[in-house]
Amino acid sequence: LSTDEPAAAWLAGLAREAARPAGQAFAAANIALCKYWGKRDEALNLPVTSSLSVSLGELGTRTVVTVGEHADAIRLNGEDVPPEAGFARRASRFLDLVRPAAGIGYRVDTRNALPTGAGLASSASGFAALALALDHLYGWELDARRLSILARLGSGSASRSIEAGFVEWHAGTRPDGLDSFAEALPEQWPELRIGLLTVSAQQKAVSSREAMQRTRLTSALYPAWPAKAQADLELLRRAIRARDFELLGRTAESNALAMHATSLAAQPPVLYWLPQTIVHMHDVWGLREQGTPVHFTIDAGANLKLLFLARDAGVVAARFPGVRVVAPFA
Ligand code: DP6
């Protein structure tokens, strides 16, 4: 992608004639170890800082897209979504980017292979799978960078779900966002485990979209966030290169706590944790004091994601009986 390419000119130039009857794709969910928190451009989902995630293997979204009738018809996990629902409106706005003409609708059938209510950002795997399915439908064969940019236009974190493993989303500086895309890191870490610990299956009261915007605009702590994220990103890169699990876990946990701290100071405040969230944090710290290297991260919700190594899976499962364990590189 040349830097002087006019903004999204490639998007306008894409074929609008289906190459096959249906496009289908899978994208894995991802968990940020260094969070995306705050946008410099809300329309294009351009972030204030770069972020870094790890993908969740077979947990993600599978999507089939076909050209349909006059209006979009969206199905989620086998059920029709009313067109006025937030989910359908967001999907339709995204489809507008590639719609050949007004009055042409798409049929989108999307299934989340995610434990329901585990607080996994289904918008990340959802928009990544939709971008990939459209690429398949139209036969564009976009490269990973363009696919990441396209997915980002649906949801910021979706830019990190085009590729698997450790993925870094470069914030970029261009107003048009053509340098804001995610790339896979070359490192693998077969022993790394992620434990999904569900505290509440309830829909969060404040979306991450709303919370990060409110935080950026009103939190007295937000000005400290960009430097913190930049420093953590460098530590995480170093931890991944050196396979230093203690550094990885400590940095991811600190980054999550700092993110939540900025939101606590927003007006009105955003607090995602429930009492059980804090109980589990103390459980994690307790296990660490007893010598088991386990850390947590928390996104815009009450649920925890535990980080640990394969050799400690038994200890973690004994302490957290409901935990669902994912091996991102196995
Ligand atoms: C806390 O990607 O859901 O999970 O770009 O508005 O769709 P939009 O936001 P979204 O935000 C994710 C926030 C987070 C941190 C992260 O995934 O990096």
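Look above for the structure.
Quick caveat: nothing in here was measured; it's all calculated off a predicted structure. (Residues numbered from 1 in each chain as written. Predicted model: local features only at pLDDT ≥ 70, side-chain atom pairs only at ≥ 80, totals over all residues. Heavy atoms only, no water.)

**Q** Just checking my understanding: could you explain the overall build of the protein chain for this structure?
**A** Within the protein chain one finds nine helices and 13 strands. Principal axes of the C-alpha set define a box for the protein chain whose edges measure 60 × 40 × 40 Å. When contacts within the protein chain are restricted to residue pairs at least 6 apart in sequence, those whose partners lie at least 24 apart make up 75%. Summing over all exposed atoms, the protein chain offers an accessible surface of approximately 14,100 Å²; the carbon and sulfur share of this is 54%. For the protein chain, the separation between the mean place of its 34 positive charges and that of its 33 negative charges on side chains is 3 Å. (Helix = DSSP H or I, 4+ residues; strand = E, 2+ residues; numbered from the N terminus. Contact = heavy atoms within 4.5 Å. Areas by Shrake-Rupley, 256 points an atom, 1.4 Å probe, with all protein chains shown as cover. Lys, Arg positive; Asp, Glu negative; His and termini not counted. Charge placed at Lys NZ, Arg CZ, Asp CG, Glu CD.)

**Q** For this particular structure, what's the right way to read the site of the ligand?
**A** Near the ligand there are 18 residues, and of these Tyr 36, Lys 39, Ser 155, Ser 157 and Arg 209 occur at the shortest range. In this structure, Ser 123 approaches the ligand through a side-chain N or O atom, which is 3.5 Å from an oxygen atom. At 2.6 Å from an oxygen atom of the ligand is found a side-chain nitrogen or oxygen belonging to Arg 209. Protein contacts shield 96% of the accessible area of the ligand, which totals 460 Å² for the unbound molecule. Residue composition of the shell around the ligand, grouped by class: six nonpolar, six polar and six charged. (Near = heavy atom within 4 Å. Polar contact = N/O pair within 3.5 Å; in protein donor to acceptor, adjacent residues only side chain to side chain. Nonpolar A, V, L, I, M, F, W, Y, C, P; charged D, E, K, R; others polar.)

**Q** Looking at this model, I keep getting lost on the environment of Arg 174. Mind explaining?
**A** Turning to its location among the elements, Arg 174 is positioned in the loop between strand 8 (166–169) and strand 9 (182–184). On a C-alpha basis, the gap between Arg 174 and Glu 289 in space is 45 Å, while along the polypeptide they are 115 residues apart. A distance of 2.5 Å separates polar atoms of two side chains, one belonging to Arg 174 and the other to Asp 176.

**Q** What exactly am I supposed to notice about empty space enclosed by the protein here?
**A** Over the atoms rolls a probe the size of a water molecule, and its path tells where empty space is left. Inspection of every chain in the model, using the stated rule, returns one cavity of 30 Å³ or more. Of the voids in this model, the largest cavity is the one considered here, and its volume is about 30 Å³. In terms of lining residues, the largest cavity is bounded by Thr 61, Leu 76, Phe 87, Thr 110, Asn 112, Ser 122 and Gly 126. Contributions of two or more residues to the lining of the largest cavity are made by strand 7 (106–112) and helix 3 (122–138). Across the lining of the largest cavity, the residue classes tally to two nonpolar, five polar and no charged. (1 Å grid on protein atoms, 1.4 Å probe; cavity = no way out; pocket = protein on both sides within 12 Å on 5 of 7 lines; lining within 4 Å. Points joined across faces, edges and corners; volume = space filled by probe spheres on them.)

**Q** Hey, could you run me through the nonpolar core in this one?
**A** Nonpolar side chains in soluble globular proteins generally cluster together in the buried interior. One finds Leu 33, Leu 52, Phe 166, Leu 248 and Leu 306 to be the most contacted residues of the largest nonpolar core, which totals 57 residues. Leave out the neighbours within four places in its chain, and Leu 248 touches Leu 33, Trp 189, Leu 192, Leu 236, Ala 239 and Ile 240. Ranked by size, the runner-up nonpolar core spans 36 residues in total, among them Ala 88, Leu 142, Ala 158 and Leu 178. (Core = buried A, V, L, I, M, F, W, Y, C linked by side-chain atoms within 4.5 Å. Buried < 20%, exposed > 50% of the residue type's maximum accessible area, 1.4 Å probe, protein only.)

**Q** It is not clear to me how the pairing of strand 1 (residues 23–34) should be interpreted in this structure. Could you clarify?
**A** Each regular strand displays side chains that alternate between the two surfaces of the sheet. Within strand 1, 10 of the 12 residues are buried, which leaves it mostly tucked inside the rest of the structure. In this structure, strand 1 lies alongside strand 4 (residues 51–67), joined through 10 bridges in antiparallel fashion. Along strand 4, the bridge assignment pairs Ala 28 with Gly 60. (Pairing = 2+ DSSP bridges.)

**Q** Please explain the layout of surface pockets as it appears in this structure.
**A** Considered as a void within the structure, the second largest pocket measures approximately 220 Å³ in volume. Around the second largest pocket, the lining residues are Lys 39, Glu 42, Ala 43, Leu 44, Asn 45, Arg 90, Arg 93, Phe 94, Leu 97, Leu 153, Gly 154 and Arg 209. The element best represented in the lining of the second largest pocket is helix 2 (residues 86–95), accounting for three residues. Among the residues making up the lining of the second largest pocket, the classes are represented as five nonpolar, two polar and five charged.

**Q** How should I be thinking about the packing of aromatic side chains in this particular structure?
**A** Here the distance between the centres and the angle between the planes together describe a pair of aromatic rings. Following the criterion strictly, the structure yields seven aromatic pairs and no others. Ring geometry for Phe 166 and Phe 329: centres 4.9 Å apart, planes at 45°, overall tilted. On the criterion of sequence distance, the pair formed by Phe 166 in strand 8 and Phe 329 in the segment after strand 13 (324–326) is long-range, its members being 163 residues apart. The two residues Phe 166 and Phe 329 agree in class, both being buried. Cation over ring: Arg 319 sits above Phe 320, and NZ or CZ is 6.0 Å from the ring centre. (Phe/Tyr/Trp six-rings, centres within 6.5 Å; stacked < 30°, edge-to-face > 60°. Lys NZ or Arg CZ within 6 Å of the ring centre and 35° of its normal.)

**Q** How do you make sense of the pattern of salt bridges when you look at a structure like this?
**A** Where charged atoms of side chains with opposite charge meet at close range, the side chains can pair. This model, assessed by the stated rule, comprises 16 salt bridges. When the shortest N-O distance is used, the salt bridge between Lys 228 and Asp 232 registers 3.1 Å. Separated by four residues within a single helix, Lys 228 and Asp 232 lie in helix 6 (residues 225–242), roughly one turn from each other. Of the residues examined, Lys 228 reaches a relative accessible area of 24% and is grouped as partly exposed. (Salt bridge = Lys/Arg side-chain N within 4 Å of Asp/Glu carboxyl O.)

**Q** Help me understand helix 6, please; the structure alone is not making it clear to me.
**A** Every α-helix carries 3.6 residues per turn, so stepping three or four residues along brings you back to the same face. Taking 1.5 Å as the rise per residue, helix 6 with 18 residues should run 26 Å; its terminal C-alpha atoms sit 25 Å apart, in good agreement. Its buried side turned inward, helix 6 meets strand 1, strand 4, strand 8 and helix 7 (245–264). Remark: Arg 243 follows helix 6 within two positions and exhibits a positive phi of approximately 50°. (Expected span 1.5 Å × (residues − 1).)

**Q** So what exactly am I meant to see when it comes to helix 3 here?
**A** Its 17 residues give helix 3 an end-to-end C-alpha distance of 24 Å, which sits within 8% of 24 Å, the value for a rise of 1.5 Å per residue. Burial of helix 3 is extensive: 14 of the 17 residues sit out of reach of the surface. One or two residues past the end of helix 3 sits Gly 139, with phi positive at roughly 65°.

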